[in-house]
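Given next are the chains, with one letter for each unit.
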Amino acid sequence: MSERYARNKSLISAMEQELLKNKTVAVIGLGGLGGHIAEQLARLGFGRLILIDGDIAEESNLNRQLFVTEEGIGRPKVDLAAERIDKVNDLVSFAGHHKRLTPQNGAELLAGADLVMDAVDSIPTRLDIEAVCKQLGLPLVHGSIGGWWGQVSLVLPGDNTLSRIYPDRDAAGEEKEYGNPAFTPAIVASIQVAEAVKYCLGRPGQLRNRLLCINLLDHEYFTVDFTD
């Protein structure tokens, strides 16, 4: 095992590290959640990332988005992410797409992925991602935040968990109502990455058919069971 991953070895064996090296993970959305997700995946040694985001960095992103700096304002977030990841771990290869995922381009953008990370802030887009993942037979790790609150779930093809969480496609997301501080996306993203590792390595305790709800204001944590 490379010395780079020496601090992983107490929980990830050399064989498992090699398994992560051969995994391709798509990160959809490179804002508060996606920035932390992409960097953690790179630091853990996932071998290839597909980075998807159609936005340009803005001043309002500076309070929470890992890849956005004052110098980066006005540039595509996907370019900022790629530059940062290359500095963090040059063993990771990546493909960057400065566009939004839609039902029409989803299959093309996710080609070659083994796992998909939902880091968007739009309910319609989340539901589109779930539908594309179902079509392609891809597992999906969902995460969302709003103020002090967040949630995480693992969605396997056919589970339709997001359709059950968000029955109203046109509802406004909690991100827009409650805001986006720096700390909530960092925590939720870390839990999403933990789910990605557990899924890829076949570890127990995965959040399939369960929604982990996180309340950082009162430090209350509970799961909602979606098992039929």
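Because the structure is predicted, anything quoted here is derived from the model rather than measured.

Caption draft 1: Expanded view of the packing of aromatic side chains. Enumeration according to the criterion identifies one aromatic pair in this entry. Ring plane angle 45° and centroid distance 5.2 Å describe the contact between Trp-148 and Phe-183, whose orientation is recorded as tilted. Remark: Phe-183 occurs in helix α8 (residues 183–201) and Trp-148 occurs in the loop between β5 (140–146) and β6 (149–155); sequence separation between them is 35 residues. The exposure class of Trp-148 is partly exposed, given its relative accessible area of 37%.

Caption draft 2: Here's a closer look at unusual backbone geometry. The backbone of Asn-160 sits at a positive phi, close to 60°, despite the residue not being glycine. Looking at where Asn-160 falls in the secondary structure, it is placed in the loop between β6 and α6 (161–165). What makes Asn-160 partly exposed here is its relative accessible area of 27%.

Caption draft 3: The arrangement of the sheet that holds β6 in detail. Taking strand neighbours across the sheet as the criterion, the eight strands line up as β3-β2-β1-β4-β5-β6-β7-β8 in an open arrangement whose pairing is mixed. Looking at which strands have only one partner, the edges of the open sheet turn out to be β3 (93–97) and β8 (220–225). Mean inter-strand twist for the sheet, computed between neighbouring axes without regard to direction, equals 15°. With six bridges connecting them, strand β7 (residues 210–215) and β8 associate as antiparallel partners. Bridge assignment links Leu-211 to a residue of β8, and that residue is Val-224. Where helix α5 (residues 123–136) meets the sheet, its contacts fall on β1 (24–28), β4 (115–118), β5 and β6, and the angle it forms with β5 comes to roughly 175°.

Caption draft 4: Summary view of the side chain of Ser-153. Checked against the element boundaries, Ser-153 lands in strand β6. Polar side-chain contacts of Ser-153 include one of 3.5 Å to the backbone oxygen of Leu-207. For Ser-153, the residues in contact, after removing those within four places along its chain, are Leu-140, Val-141, His-142, Thr-161, Leu-207, Arg-210 and Leu-211.

Caption draft 5: Geometry of α8. For α8, built from 19 residues, the straight-helix expectation of 27 Å at 1.5 Å per residue is met to within 8% by its first-to-last C-alpha distance of 27 Å. For α8, the set of buried residues is Thr-184, Pro-185, Val-188, Ala-189, Gln-192, Val-193, Glu-195, Ala-196, Val-197, Cys-200 and Leu-201. Against the buried residues of α8 lie α1 (14–21), α2 (32–44), β4, β5, β6 and β7. Following α8 by one or two positions, Gly-202 adopts a phi angle in the positive range, close to 70°.

Caption draft 6: Summary view of the nonpolar core. In terms of nonpolar packing, the biggest core is built from 41 residues, with Ile-37, Leu-41, Leu-51 and Met-117 touching the most fellow members. A total of seven residues in this core trace back to one element, the largest contributor, which is α8. Apart from residues lying up to four places away in sequence, Leu-51 is in contact with Val-27, Leu-30, Ala-38, Val-78, Ala-81, Ala-82, Ile-85, Phe-94, Ala-95, Gly-96 and His-97. Judged by nonpolar contacts, the second largest core, of 24 residues, contains Ile-50, Val-132, Cys-133 and Leu-162.

Caption draft 7: How the structure looks around the pairing of β5. Burial within β5 is extensive, with seven of its seven residues counted as buried. Taking every second residue as pointing to the same face, both faces of β5 are buried, with Leu-140, His-142, Ser-144 and Gly-146 on one and Val-141, Gly-143 and Ile-145 on the other. Here three bridges tie β4 to β5, and the two strands are oriented parallel to one another. Along β5, the bridge assignment pairs Val-116 with Leu-140. In this structure, β5 lies alongside β6, joined through seven bridges in antiparallel fashion. By the bridge assignment, Ser-144 is partnered in β6 with Gln-151. Following β5, the chain reverses through two residues before pairing antiparallel with β6; Gly-147 in that reversal takes a positive phi of roughly 60°.

Caption draft 8: Molecular detail of the pattern of salt bridges. What the rule picks out here adds up to 10 salt bridges. One salt bridge connects Arg-203 with Glu-16, and the closest N-O pair in it is separated by 2.8 Å. Here the residue Arg-203 occupies a position in the loop between α8 and β7, and Glu-16 occupies one in helix α1, the gap between them amounting to 187 residues. Here Glu-16 falls in the buried class, since its relative accessible area comes to 19%. Here Asp-118 and Arg-126 are joined by a salt bridge, their closest N and O atoms 3.6 Å apart. Note on accessibility: Asp-118 and Arg-126 belong to one class, buried. Members of the salt-bridge network, linked through shared partners, are Glu-39, Arg-43 and Arg-84.

Rules used in this analysis
- Residues numbered from 1 in each chain as written.
- Predicted model: local features only at pLDDT ≥ 70, side-chain atom pairs only at ≥ 80, totals over all residues.
- Heavy atoms only, no water.
- Phe/Tyr/Trp six-rings, centres within 6.5 Å; stacked < 30°, edge-to-face > 60°.
- Helix = DSSP H or I, 4+ residues; strand = E, 2+ residues; numbered from the N terminus.
- Buried < 20%, exposed > 50% of the residue type's maximum accessible area, 1.4 Å probe, protein only.
- Pairing = 2+ DSSP bridges.
- Axes fitted to C-alpha atoms, helices over the stretch in contact; angles between N-to-C directions.
- Contact = heavy atoms within 4.5 Å.
- Polar contact = N/O pair within 3.5 Å; in protein donor to acceptor, adjacent residues only side chain to side chain.
- Expected span 1.5 Å × (residues − 1).
- Core = buried A, V, L, I, M, F, W, Y, C linked by side-chain atoms within 4.5 Å.
- Salt bridge = Lys/Arg side-chain N within 4 Å of Asp/Glu carboxyl O.

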